[in-house]
Amino acid sequence: MAIVVEHEKRKREILEKSFQLFIEDGYEDVTYQKIADKCGITRTTLYIYFKNKREIFLWSIKQLTNDVEQELIGIIKNNQIDSIECLKRIFLCIIDIAESNRAFFRVLKMYLMQLEKSGVDINDRVTRRVIRIQHLMNMVLIRGQKKDEIKNLPIKKINSLLYCLLETSIFRLGILNQENLDEMRGTVQFVIEQFRTEKK
C-alpha cells in the first residue's frame, strides 16, 4: 500500500513540475528529457510513470480539471447558500482559476491547433474534459428549481447559456490575452441573477 501511495505522490509531483514547464516553454519546446531534468530524475525513471510528453500534458489537463471539480463540489455542498449564490460562486471560482492559469490556456491553444491540423476533432476532446463541470451545474439548477429558487426554464438552455459565458472568459484569456476578467465576473453574476425566482 505504501508503494502505491508513494507512486501516486511521485506522479503528482511530476505533473506539477511538468505543468510549470509547459507554461514556461510552451508545448512544442518541451521535450521528454527537459521534463526528466526538471523533475530531477532520469528518462528511464520517467518512463515508469508516463510513456511520452503528450501523455504527461494530457494528465496535467486532467489534474487541473479534477482540482477544479473538487473546488466546485465543495461549493455545492455548502448548505448555507441558495442555488443562485451557489451558481455565482461556481462561476467565479472557475474564472479565478482560469485567470491564475492564463499562461496554461495559451499553451493549450497551441496544442489544440496542432491536434486540429492532424485531423482530430478538438470539440470532442474539449467536451470530454468539461462534461463533469456541466453535470455539476445541472445538479445545482435541478436543486434550485425544486426549491423554487431558480425559474422554471429549460435546464439544458440555462446550462448552455452559462457555459457560453465560461467559454467567452477562456477565449478572452487564451486568445485575446486579456489581463483580467473583471468585466466577465460582473456579467456572469448579472446573468445568473436573472434566473432567480421572484418571491411572491
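Rules used throughout
- Here, residues in each chain are numbered from 1, in the same order as that chain's written sequence.
- For this predicted model, a pLDDT threshold of at least 70 governs which residues receive local features, and a threshold of 80 or more governs which side-chain atom pairs are given and counted, while totals over whole chains, interfaces and linings are taken from all residues.
- Note that water and hydrogens are dropped before the side-chain values are worked out from all heavy atoms of the structure.
- A helix here means a DSSP run of H or I that spans at least four residues, while a strand means a run of E at least two residues long, and both kinds are numbered starting from the N terminus.
- When accessible area is computed with a 1.4 Å probe and restricted to protein chains, residues below 20% of their type maximum are described as buried, those above 50% as exposed, and intermediate ones as partly exposed.
- Working rule for contacts: check all heavy atoms of both residues, and any pair within 4.5 Å makes them a contact.
- Exposure was quantified through the Shrake-Rupley algorithm and a 1.4 Å probe, taking into account, for residues, occlusion by the shown protein chains and nothing else.
- Known as pLDDT, the predictor's per-residue confidence is scaled from 0 to 100.
- In summary, the pairing rule links any two rings of Phe, Tyr or Trp, Trp by its six-membered ring, whose centres are within 6.5 Å, and it sorts them by plane angle into stacked for under 30 degrees, edge-to-face for over 60 and tilted for everything else.
- Summarising the geometry, the arc corresponds to the directions from the helix axis toward the C-beta atoms.
- Inter-axis angles, ranging from 0 to 180 degrees, are taken between N-to-C directions of lines fitted to C-alpha atoms, where helices are fitted over the stretch in contact.
- Any angle between 65 and 115 degrees counts as roughly perpendicular, while under 35 counts as roughly parallel, over 145 as roughly antiparallel, and the rest as oblique.
- Residues are grouped as follows: Ala, Val, Leu, Ile, Met, Phe, Trp, Tyr, Cys and Pro are nonpolar; Asp, Glu, Lys and Arg are charged; every other residue, Gly included, is polar.
- Within this document, salt bridges are pairs made up of a side-chain nitrogen of Lys or Arg and a carboxyl oxygen of Asp or Glu, the two lying within 4 Å of each other.

Looking now at the overall build of the protein chain. Helices and strands together make up the secondary structure of the protein chain, namely 9 helices and 0 strands. For the protein chain, the sequential pattern of α-helices and β-strands runs α-α-α-α-α-α-α-α-α. Each principal axis of the C-alpha distribution contributes one length, and for the protein chain these read about 65 × 45 × 30 Å. Counting only residues that meet the buried cut, the protein chain has 42% of its 200 residues in that class. In the protein chain, the share of contacts with a sequence separation of at least 24, taken over all contacts with a separation of at least 6, comes to 68%. Accessible area for the protein chain stands at about 11700 Å²; split by element, carbon and sulfur atoms hold 53% of it.

What follows covers the confidence of the model for the protein chain. Across the protein chain, the average pLDDT comes to 87, with 96% of residues at 70 or higher. Confidence, read as mean pLDDT per element, is least for helix α6 (residues 102-117) in the protein chain (78) and greatest for helix α9 (residues 182-193) (94).

Counted according to the given criterion, the structure contains 7 aromatic pairs. An angle of 40° between the planes, with centres 5.8 Å apart, marks the rings of Phe57 and Phe104 as tilted. Of this pair, Phe57 sits in helix α4 (residues 53-76) while Phe104 is found in helix α6, placing the two residues 47 residues apart along the sequence. Considered together, Phe57 and Phe104 belong to a single accessibility category, that of buried residues. Taken together, Phe19, Phe22, Tyr27, Phe57 and Phe104 form an aromatic cluster joined through their ring pairs.

In an α-helix there are 3.6 residues to a turn, and that puts residues three or four apart on one side. When we look at burial in helix α2 (residues 32-39), the residues that qualify are Tyr32, Ile35, Ala36 and Cys39. Around the axis of α2, the buried residues are gathered within 100° of arc, so they sit on the same side. Following α2 by one or two positions, Gly40 adopts a phi angle in the positive range, close to 70°.

In this model, Asp148 sits at a positive phi of 60°, which is unusual for a non-glycine residue. As for its position among the elements, Asp148 is in the loop between α7 (122-146) and α8 (155-174). Unlike most non-glycine residues, Asn177 shows phi in positive territory, near 55°. On the secondary structure map, Asn177 appears in the loop between α8 and α9.

Two numbers describe how α8 lies on α9: the axes approach to 11 Å, and their chain directions differ by 180°. Classed by the angle they form, the pair α8 and α9 counts as roughly antiparallel. Taken together, the residues of α9 that come into contact with α8 (itself represented by Leu161, Leu162, Leu165, Thr168, Ser169 and Arg172) are Glu183, Met184, Thr187, Val188, Val191 and Ile192. The residue inventory of the contact of α8 with α9, partitioned by class, reads 7 nonpolar, 3 polar and 2 charged.

Let's shift gears to the pattern of salt bridges. With the rule as written, the count across this model stands at 13 salt bridges. Linking Lys38 and Glu24 is a salt bridge whose minimum nitrogen-to-oxygen distance equals 3.7 Å. With Lys38 in helix α2 and Glu24 in helix α1 (residues 2-25), this residue pair connects regions lying 14 residues apart in the sequence. With its nearest N and O atoms 3.0 Å apart, the salt bridge here joins Glu69 to Arg132. One end of the pair, Glu69, is in helix α4; the other, Arg132, is in helix α7, and 63 residues separate them in sequence. Salt bridges sharing partners connect three or more residues here, namely Asp82, Lys88, Glu193 and Arg196.

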